[in-house]
Amino acid sequence: MTGDGQSGDAKAVGAVLVLGGGIAGMQASLDLANGGYKVYLVEKKSAIGGHMAKLDKTFPTNDCAMCTISPRLVEVGRHPNIELLPDSEVLGLEGKAGDFTATVRTRPRYIDLDRCNGCGKCAEVCPERLPNPFDEGLGERRAAYKLYPQATPDAFAIEKRGVAPCRDACPAGQRAQGYISLLREGRIDEAYRAIKEDNPFPGICGRICDHRCETACSRGKVDEPVNIHGLKRFIADAFYAKPRAKPEPAPRRYDERIAIIGAGPCGLTVAQDLCLEGYPVTVFEALPVAGGMLRFGVPDFRLPAAIVDREVQDIVDLGVDLRLGTPVESLDDLLDEGYAAVLMAVGAHEGIRLPIPGGDLDGILINTRFLRDVRLAELGAEGARDPRPDIEGKRVLVVGGGDVAVDVARTAVRLGAGDVQMAVRGSGGKMPAKESEIARAREEGIRMHVGLNFLRVVDDGHGRAAGLECQRVERFETDETGRAVPLTVPDSEHVMAADVIVFSVGQRVGLAFIPDDAGVGVTRARTIAVDPDTFMTDRPGIFAAGDSISGTAFVIEAVAGGHRVAGAIHRHLRGEAMKTARPAGPPVAELSQKEIDARLLKGEIGYAPQTPMPEIAVADRAGNFTEIELGYSEQQAMAEAERCLSCGICSECLTCVEACGVDAIDHEMEESTRRIHVGAAILAPGFQPYRAELSEEFGLGRYPNVVTSLQFERLLSASGPTNGHVKRPSDDRTPKKIAFLQCVGSRDQTHDYCSAVCCMYGTKQAIMAIEHEPETQAQVFMMDVRAFSKGYEAYYRRARDKYGIEYTRCRISSLKEDPATGDLMLRYVDRTPPSSGGEGVPARSEVRDEAFDMVVLSVGMEVSEGVRDLGRKLGLELDDHGFCRTLQFDPVHTSRPGVYAVGPFREPKDIAESLIEAGAAAASAEGMLVGGRGTLTRAPAYAAERDVAGEDPKIAIFVCHCGTNIGGVVDVPGVACYARSLPGVVHAEESLYACSKDSIGHITERVKELEANRVVIAACTPLTHEPLFQDSIRAAGLNPYLFEMANIRNQCSWVHGRDPAVTEKAKALVRMSAARARQLAPLETDKVPVGHSALVVGGGAAGMTAALELAAQNFPVHLVEKSDALGGNLRQLHFGIDDSGTSTSLPLGADGRHLGPQDFLRQLLGEIEANPLVTVHLGTEVSGTAGFVGNFTSTLRPTDPEAPPFEVSHGVSILATGGVEYRGDEYGYGASSHIVTQQEFEARLAGQGDAGAEEAALPRSVVMIQCVGPAEKYCARVCCTSALKNALMLKRLSPETRVTILYRDIRVYGFKERLYTAARESGVLFVRYDETCKPEVRVAEDGVVAVKAWEEGLGRDIVLRPDLLVLSTPVVPSAATQELGRRLRLPTDADGFFLEAHIKLRPVDFLSEGVFMAGMAHYPKLLDEAIVHAKAAAARAAALLSQDAITTGGRVAAVDHTRCVACLTCLRTCPYGAARIAADLAGTGGIAGAATIESALCRGCGLCAAACPAGAIELKHYTGAQVMAKVDALFEDARVEEVPA
Amino acid sequence: MTAAETPFEPKIVAFCCRHCAYAAADLAGTSRLAYPPSLNIVELPCTGRVDVLELLRTFEDGVDGLLVAGCLPGRCHYLAGNLHARQRVDYAQRWLEDIGLEGERLRMINLSAAMGAQFAELATEMAETIKSLGPSPLGTRRAAGEIPTTGCAACGDPAPLLAESAHDRGDGR
């Protein structure tokens, strides 16, 4: 209407982007989609529902929030014209109003929304637990999760921060967090499986890995890293302790044979991978046993041979042809034998001899050879080609300081060497071996000499080595080639005597079997040359991997290389691209020190050092090769596993992938970005609760029993972490005494606004706490009780008077915890006014210290940083707090045309008001995009309906396994068998997932083939799945009412899982459903054409706005006004809040100035006059309306008795009959010209005072009294704002004037708080009075006024003698509102305002369809609020008017008029006025006049059917026969013979 | 096994309104809160749909216990259907007591859609109550063929025994 200037653009895009899936976003989406626009609903979280879904109850009716929101969730989720985009964010919006392109980014959910059926198996098996954000951190959930049970979409999601640092550090990508989490849950087999995903050698790597994972482990930032390899070993050992199940051979898929040379860790990894891929694999091993270096390079005391053998065997059993003792002599031979690919993984087994004089003397041994000989000797006669080295009693000197050298030295000790020393060059300044191994070697008596330069081996004169001559090295210098050159200590030459010298200075690849002409290149480092991406050598089809290409490395690198080369060989053989780009993958989920400190502070992490690894005593090691590390006990392993911080959240353990029955999980899913073409955008991003931990004085986070209001809400919720039992977090005790602290993050130094909802939700929570536990004492600490809207004041009074909730008017001075009890000590000032005017009970003011069991912080609303960013990106004007600024007189329109903001994003507000704004924004968008209406929407098309009349029941039954949700508990085949035996059943079958896309199509096909005429689905709940299945039978040409569900999941398998009777129960449920199905009948629906015009009653701001909105959407409007002029209360309004300089609305004036309300009035009148679609009927009343939605006829009667009444027909009605300022005689009103109302005062200020215009000279002193007359009982919402606005205006015009406001509570909510601040700053005095101690007004004979009031600060009464007393009298319903309510039989509330269908969720609807309310007829409103309310009503009306026809019939009640005695019971019972007596119908005995039910009005509750004494009424689809058929069937003999398929 | 040896497994019916109690039962399922399988739910749009004769006929069929589960008071989706139901349950309860059945066999409960745990608790409680009361004599008599299956002589209503009794007393519905 105002601002966008785009009305009626015929080229407008008929789609709207709605951002935010909270209740406001949902409402805007529904209004738009129902009005003929395609909607893209973008939600950041994995499900819609927003904050409301978290709430327990809603004020002021204490309605269950979930009860009210969940049907809406289903409606949004199933709406054909709403496309839900969960996990998504808007990145940008380009273009202009009517034609935008939005960029939307969707984060990976890792679960395919189209496939997931919400069965929850993934969450059941997920080992990752984290604090549940939906429960505000109070409960736990898994990494695989559904936001809450009723979430839409009904699908799970996986939360992943990224790759855990441990996994990232591992060359083979071991999902360490995954197996640790599984271990923590005692799931050894699964943990073992998780290790094997990446590594075929759990037991080996659990022992000898160099575990870079532990270096990267975030736990190291707390205390010490997790002993990851120790846990891996525990898992492997525990798994191997069980009886071994031989692995199943992998199925063959390909014919190409593959040869692998070398059965070391790399060769075996490749063999495993390719075998599992389906290739025939042969492994050639020169030595008599497999394992390579694992078997021959690592001594038993570090890695027992049995472990290697076990892990090798598990690979061999997959079907690998392992040929031991078979050296490969020539590559050509292998190729000639027909191998399609050859892998060389021969390792680096050749030891190196030091090139020093005497290096080849007798008595010199080489490391690898030494260790291998020891191993071969152990194998016994058969394999022992080499004798065990004889070193018993001899002096052994090991030259070298690496891990192998230490192994050699320690082996020598065990072989009985007399003395073992190590001589180490130590160019790095120390020994390169692992610290722990060096320490153990020392324990075993080995002496080490580091920093030596080796000169020569000393000859004993008989050609045998007798010692090593060395020099001491002072330091090493690096030469130009990068080599370390020793600078020796002069004269430090000495000989280390030894009988045996073992060189352990490195290993290299044995390349003897590769002749020079083999076509395989060799590097300068004497490794095999390969392409680093493909691992192929120069010769096609010949690959190399492991140590043979890298030189000596660790096992885990051999494994990692093995996986890569296996992939390369597979791609080579399949002719796929060899060089594949690796996906970027998720980021590393390293925990920063800050995050860790935060978790420490919250107590989520406690200090616990690494669990020490038990080992055998040094004394027990000599002379044997027994393994030194003993491994963790179960208890130790669990303790160690508990230390894992689960950095990645999801660890990709893949348990969910195994559990998912519909293949919905995809851990590789990536973020995606799409561009969406829309005509408008509605932003409803909602609020962020104030992070009260920032206000450290309240102790949130430090004191467990201090909770936020949202946490308390979850504690109250029946579906919350405590099942609705309020418990203290510290000790689970029920709190008996609870303090509610208001205005936490509102109305303070950093928040110059009121969050508008906290007073009411605090009151609600206090009430609910008492409802749960009647003994509870609740005390609310607040400044003003802002119970400013419909029903709020009554709610607050009920809380105070009926529930005994104590309201204390102060901010607390301190809050401390008693550490012994967890109780909280509050210090505050308790001030009580005297009970009446200072004469009764005296006033009190004292400092009190009081203990509470629990403190609830009523946190305010903020705009999150993310939303501010978005606002900036979209080019919107935001205020200092990030709230979105909107246009004056178009309160939902942002600074950018075509972009609307609703809900707390533009000002803190509650659910109902957010919904109203959502409707208003929808109306504005619809008006702007009217040319695109219906261009992008679609209506579902169904097959022609088959006439089943006269057919016997032919029931088809589908019994769903729901994966294992039902099938794992209930004998589903048995139930299907049984179902076949039931009368009328022609077919019954099982379905793995009845709701999967395939199954839905299958059901349609089966129903067609079988010509079934009834369908029963035994599966989950009809509340979510009935419409889906009904669609499937409609597609088969069946009437949707020939359908019935048996809920054998939620009401059987999930709740009787352990009961042996569970299958019998499922059968009973199916029997009952089949019995009802036999009774079902097709129901007809009618299409009644809709009259596309509207009647708007009331020509004030709301009525005119509603009329213009509808006209903008091309709907003709009859605007009826009783008086002779349009304008209503707007005529009396001279100053806007904007004039006070405290508003955040964007000025509309051409010069950038705010316009006055009268400017707006002129604008409205001009638009009305100019709009040909609006027909104005001045001086006219509505005397009656007949008909129903889409087809109303109203009689309009001119007030001029001369003019005849006339009729107009219309599809909808909007009643905007307004309210009026109360004029009663309270406080002497009418007794003196010095006493006026606010409206009168405003007129005077505007210089438009009527009679006494000349004495309108501004008064020098003014007193205002708030809450006058009826406002003592209900808060009229606008009076505080009006009073402050006028006071500020007066102060501006006359700064010297003394203004005193006598008030009960200053109820300026939202940004209107700033008026209060501005008023105090400008010197307005505020004096509070209590209702027990009201001000007294005396009018002297000369009209002079005296006001007496109690002044709290002074502690006594004061008397004021103002020039003018202004009474803030409330808005009361207009006579027209009350009269119209009576005439049209519309309900009003106790105060006389129209009663909406639902105070939260349907704030503009009447219960009667097609009738809406707008403006002050609903409740007093500020101008902005009235405009928004009127627009919202227009949106609701437009949704109906844009339909061609409305559907009636279906599940409605019908009267058998021949049984009707016209007793009128149905008329009295029906809540919707759908029953009436039709004179043309004959009742019992042919008496004229019988009841009939207007199916367009009937909602199908069946109250009339149950109430009818004559039994003349039946509710279709729930007839007596249909309902009782189920009950009867329960008692039919269950033992019917089962019929096999 | 003879009847005497078979442990008594009650048959309980729960008329649940679709909007609240049925949703609560669903939530009990979603939350895996166990209760005995003796309870069988019959879904209705509103508890206000069920009339006194249907309540009595359910007992005649042989049910051992009957729950009528509606929305919380004041929260009926059709304004006052649950209050109508409450009146009818109270009325039918008096009838049951008049013919010598325990009134506890019929009970009205009110739940919101979020009260899954409470649904499971109440279902368990009802099963225990009925177990302690033992089988309904009407069920036993029906099983023994003592209750005629023909309609009421007075009105032809297919609920013979209790309805006839009601007609005898002249206050029918």
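Remember, it's a predicted structure, so these values are computed and weren't measured experimentally.

Chemist: Would you explain the overall build of chain A in this entry?
Modeler: Scanning chain A from N- to C-terminus turns up 41 helices and 70 strands. Its C-alpha atoms put chain A at 145 × 85 × 60 Å along the principal axes. Looking at the 1541 residues of chain A, the share that counts as buried comes to 59%. In chain A, of all internal contacts separated by at least 6 residues, the share reaching a separation of at least 24 is 72%. Of the roughly 58,800 Å² of accessible surface on chain A, 50% is carried by carbon and sulfur atoms. For chain A, the distance from the average site of its 168 positive side-chain charges to the average site of its 208 negative ones is 2 Å.

Chemist: In this structure, what is going on with helix 4 (residues 116-133) of chain B? I would like to understand it.
Modeler: Since the α-helix advances by 3.6 residues per turn, residues separated by three or four positions end up pointing in the same direction. Residue and element names in this part refer to chain B. Under the 1.5 Å per step criterion, the end-to-end length of helix 4 is 26 Å for 18 residues, consistent within 8% with the ideal 26 Å. Taken as a whole, helix 4 has its buried residues at G116, A117, Q118, F119, A120, L122, A123, M126, A127 and I130. Tucked into the core, helix 4 has its buried residues touching strand 1 (12-17), helix 1 (21-30), strand 2 (39-44), strand 3 (65-70) and strand 4 (106-110). G134 sits one or two positions beyond helix 4 and adopts a positive phi of about 90°.

Chemist: Can you help me understand the packing of helix 26 (residues 911-928) of chain A against helix 38 (residues 1423-1441) of chain A in this one?
Modeler: The packing of two helices is summarised by the inter-axis angle and the distance between the axes. All names here are of chain A. Two elements in contact, helix 26 and helix 38, have axes separated by 7 Å at closest approach and are oriented at 65°. In the crossing of helix 26 with helix 38, the sense of the turn from one axis to the other is left-handed. The segment helix 26 lies against helix 38, with I916, E917, G919, A920, A922, A923, S924 and E926 engaging V1428, H1429, K1431, A1432, A1435 and A1438. Class assignment for the residues of the contact of helix 26 with helix 38 results in 8 nonpolar, 3 polar and 3 charged.

Chemist: Which parts of the structure should I look at to understand the sheet that holds strand 20 (residues 447-450) of chain A?
Modeler: Sheets are built from strands that pair by backbone hydrogen bonding, the pairs being arranged parallel or antiparallel. Residues and elements named next belong to chain A. The 5 strands lie next to each other as 17-25-18-19-20, forming an open sheet whose pairing is parallel. Whereas interior strands pair on both sides, the edge strands pair on one side only; in this sheet they are strand 17 (364-366) and strand 20. The mean angle between the axes of side-by-side strands here comes to 20°, regardless of whether they run parallel or antiparallel. Examined bridge by bridge, strand 18 (residues 395-399) and strand 19 (residues 419-424) share 5 bridges and lie parallel to one another. Residue pairing for strand 19: R395 is matched across the bridge by D419. Of the strands in this sheet, strand 17 and strand 25 (500-503) are in contact with helix 14 (residues 367-378), which crosses strand 17 at around 80°.

Chemist: How do you make sense of the sheet that holds strand 1 of chain B when you look at a structure like this?
Modeler: Pairing in this open sheet of 4 strands is parallel, and the strands run 2-1-3-4 (chain B) from one edge to the other. Both outer strands of the open sheet, strand 2 and strand 4 of chain B, are each paired with one neighbouring strand and no more. Across the sheet, the mean angle separating the axes of adjacent strands is 20° when strand polarity is ignored. In this sheet, strand 4 of chain B lies alongside strand 3 of chain B in parallel orientation, the contact comprising 5 bridges. Bridge pairing links L67 of chain B to R107 of chain B in strand 4 of chain B. Packed on one face of the sheet, helix 41 (residues 1520-1530) of chain A meets strand 1 and strand 2 of chain B and runs near 170° to strand 2 of chain B. Contacting strand 1, strand 2, strand 3 and strand 4 of chain B, helix 4 of chain B runs over the sheet at an angle of about 170° to strand 4 of chain B.

Chemist: What am I meant to see in the pairing of strand 68 (residues 1475-1482) of chain A here?
Modeler: Regular strands place side chains that alternate from one sheet face to the opposite one. Residue and element names in this part refer to chain A. The pairing of strand 68 with strand 69 (residues 1488-1493) spans 5 bridges and is antiparallel. Of the residues in strand 69, the one forming a bridge with A1482 is A1488. The turn joining strand 68 and strand 69, which pair antiparallel and follow one another in sequence, is formed by 5 residues; a positive phi near 70° is taken by G1485.

Chemist: What exactly am I supposed to notice about the side chain of H961 of chain A here?
Modeler: Residues and elements named next belong to chain A. Along the chain, the position of H961 falls in the loop between strand 43 (955-960) and helix 27 (972-980). On the basis of relative accessible area, H961 is assigned to the buried category, the value being 16%. Not counting the four nearest positions on each side in its chain, H961 is found in contact with I966, G967, V972, P973, E990, S991 and L992.

Chemist: Got a minute to help me understand the confidence of the model for chain B in this structure?
Modeler: Parts of the prediction with low pLDDT should not have their coordinates interpreted in detail. Residue and element names in this part refer to chain B. Chain-level statistics for chain B give a pLDDT mean of 83 and a share of 80% at 70 or above. Low pLDDT (under 50) marks residues 149-161, which in the prediction has 23 contacts with non-local residues, meaning those over four places away or in another chain. Low confidence marks residues 163-173, where pLDDT is under 50. Its contacts with residues over four positions away, or in another chain, come to 23 contacts. Overall fold confidence for the complex sits at a pTM of 0.85, while the interface term, ipTM, reaches 0.90.

Chemist: How do you make sense of the interface of chain A and chain B when you look at a structure like this?
Modeler: Interfaces are frequently sized by the accessible area removed from exposure as the parts join. At the interface, 55 residues of chain A touch 53 residues of chain B. Note on chain A versus chain B: buried area summed over both sides is about 4,600 Å², and carbon and sulfur give 60% of it. Inspection of the region where chain A meets chain B yields 4 salt bridges. Between D63 of chain A and R75 of chain B there is a salt bridge; the shortest N-O distance is 3.1 Å. In this assembly, chain A and chain B are joined by 18 residue pairs in polar contact (both at pLDDT 80 or more). When contributions to the side of chain A that touches chain B are tallied by element, the ones reaching two or more residues are strand 4 (63-64), helix 2 (65-78), helix 29 (1022-1034), helix 30 (1049-1053), helix 31 (1062-1079), helix 40 (1503-1507) and helix 41 of chain A. Per-element tally for the side of chain A that touches chain B: the top contributor is helix 41 of chain A, with 7 residues. By residue class, the composition of the side of chain A that touches chain B is 30 nonpolar, 16 polar and 9 charged.

Chemist: Would you mind showing me how to read the nonpolar core here?
Modeler: As a rule of thumb, nonpolar side chains are buried together in soluble globular proteins. Formed by 285 residues in total, the largest nonpolar core has its most connected members in I682, I957, I1017, I1048 and L1110 of chain A together with F15 and F119 of chain B. Broken down by element, the residue count for this core peaks at 12 residues, all from helix 38 of chain A. Once residues lying within four places of it in the same chain are set aside, the contact partners of I957 of chain A are A979, V985, H987, A988, E989, V1016, V1070 and A1074 of chain A. Y179, V565, A568 and A637 of chain A belong to the second largest nonpolar core, which has 76 residues in total.

Chemist: What should I look at first to understand the pairing of strand 23 (residues 484-488) of chain A in this one?
Modeler: Residues and elements named next belong to chain A. When strand 22 (residues 465-478) meets strand 23, the two strands line up antiparallel, connected through 5 bridges. Residue pairing for strand 23: F476 is matched across the bridge by P486. Joining the antiparallel neighbours strand 22 and strand 23 is a turn of 5 residues, in which G482 adopts a positive phi near 90°.

Chemist: Explanation requested: a nonpolar patch on the surface in the structure shown.
Modeler: On the surface, a cluster of nonpolar side chains totalling about 200 Å² of accessible area is made up of L1464, L1467 and I1477 of chain A. With respect to the helices and strands, the residue L1467 of chain A is situated in helix 39 (residues 1465-1469).

Chemist: How should I be thinking about the packing of helix 34 (residues 1238-1245) of chain A against helix 35 (residues 1279-1293) of chain A in this particular structure?
Modeler: All names here are of chain A. Packing of helix 34 against helix 35 brings their axes to within 10 Å, and their N-to-C directions diverge by 25°. Classed by the angle they form, the pair helix 34 and helix 35 counts as roughly parallel. Note that helix 34 runs across helix 35; the crossing there is left-handed. Contacts between helix 34 and helix 35 involve Q1238, F1241, E1242 and L1245 on the former and, on the latter, S1282, A1283, K1285, N1286, M1289, L1290 and L1293.

So, how was this worked out
What you see as residue numbers is a count from 1 along each chain, following the sequence as written. In the order they appear in the text, chains get letters beginning with A and ligands get numbers beginning with 1. The predicted nature of this model means local features are confined to residues of pLDDT at least 70 and side-chain atom pairs, given and counted, to a pLDDT of 80 or more, with totals for whole chains, interfaces and linings taken over all residues. With hydrogens and water set aside, each side-chain value is computed from the structure's full complement of heavy atoms. Note on conventions: DSSP H or I runs of at least 4 residues are helices, E runs of at least 2 residues are strands, and numbering of each starts at the N terminus. The cut-offs for exposure are 20% and 50% of the maximum accessible area for each residue type, with area from a 1.4 Å probe on protein chains only; residues under the lower value are buried, those over the upper are exposed, and the others partly exposed. Contacts: residue pairs with any heavy atoms within 4.5 Å of one another. Here, Shrake-Rupley sampling with a 1.4 Å probe gives the accessible areas, and only protein chains in the shown set may cover a residue. Charge assignment in this entry is limited to Lys and Arg as positive and Asp and Glu as negative, and neither His nor the chain termini are counted. Charged side chains are reduced to one point each, which is NZ for Lys, CZ for Arg, CG for Asp and CD for Glu. An expected span of 1.5 Å times one less than the residue number is assigned to each helix. Axis lines are fitted through C-alpha atoms, for helices just across the contact stretch, and the angle between N-to-C directions can take any value from 0 to 180 degrees. Crossings are sorted by hand: turned counterclockwise from the far helix by less than a right angle, the near helix makes the crossing left-handed, and turned clockwise it makes it right-handed. Side-chain classes are defined by residue name, with Ala, Val, Leu, Ile, Met, Phe, Trp, Tyr, Cys and Pro counting as nonpolar, Asp, Glu, Lys and Arg as charged, and the others, Gly among them, as polar. A pair of strands is treated as paired once DSSP finds two or more bridges between them. Across the chain, each position has a pLDDT score giving the predictor's confidence in that residue, from 0 to 100. By buried area we mean how much accessible surface two parts lose on assembly, using a 1.4 Å probe and totalling the loss over both. When a carboxyl oxygen of Asp or Glu is within 4 Å of a side-chain nitrogen of Lys or Arg, the pair counts as a salt bridge. Polar contacts, as used here, are pairs of N or O atoms within 3.5 Å; protein pairs need one atom able to donate a hydrogen and one able to accept it. Residues neighboring in sequence count only if both atoms are side-chain atoms. Among buried residues, the Ala, Val, Leu, Ile, Met, Phe, Trp, Tyr and Cys ones that are joined through side-chain atoms within 4.5 Å form a nonpolar core. Residues qualify for a patch when their relative accessible area is over 30% and they have no salt bridge, like charges being joined within 9 Å and the nonpolar side chains of Val, Leu, Ile, Met, Phe, Trp and Tyr within 5 Å. We call two directions roughly parallel when the angle between them is under 35 degrees, roughly antiparallel when it is over 145, roughly perpendicular when it lies between 65 and 115, and oblique otherwise.

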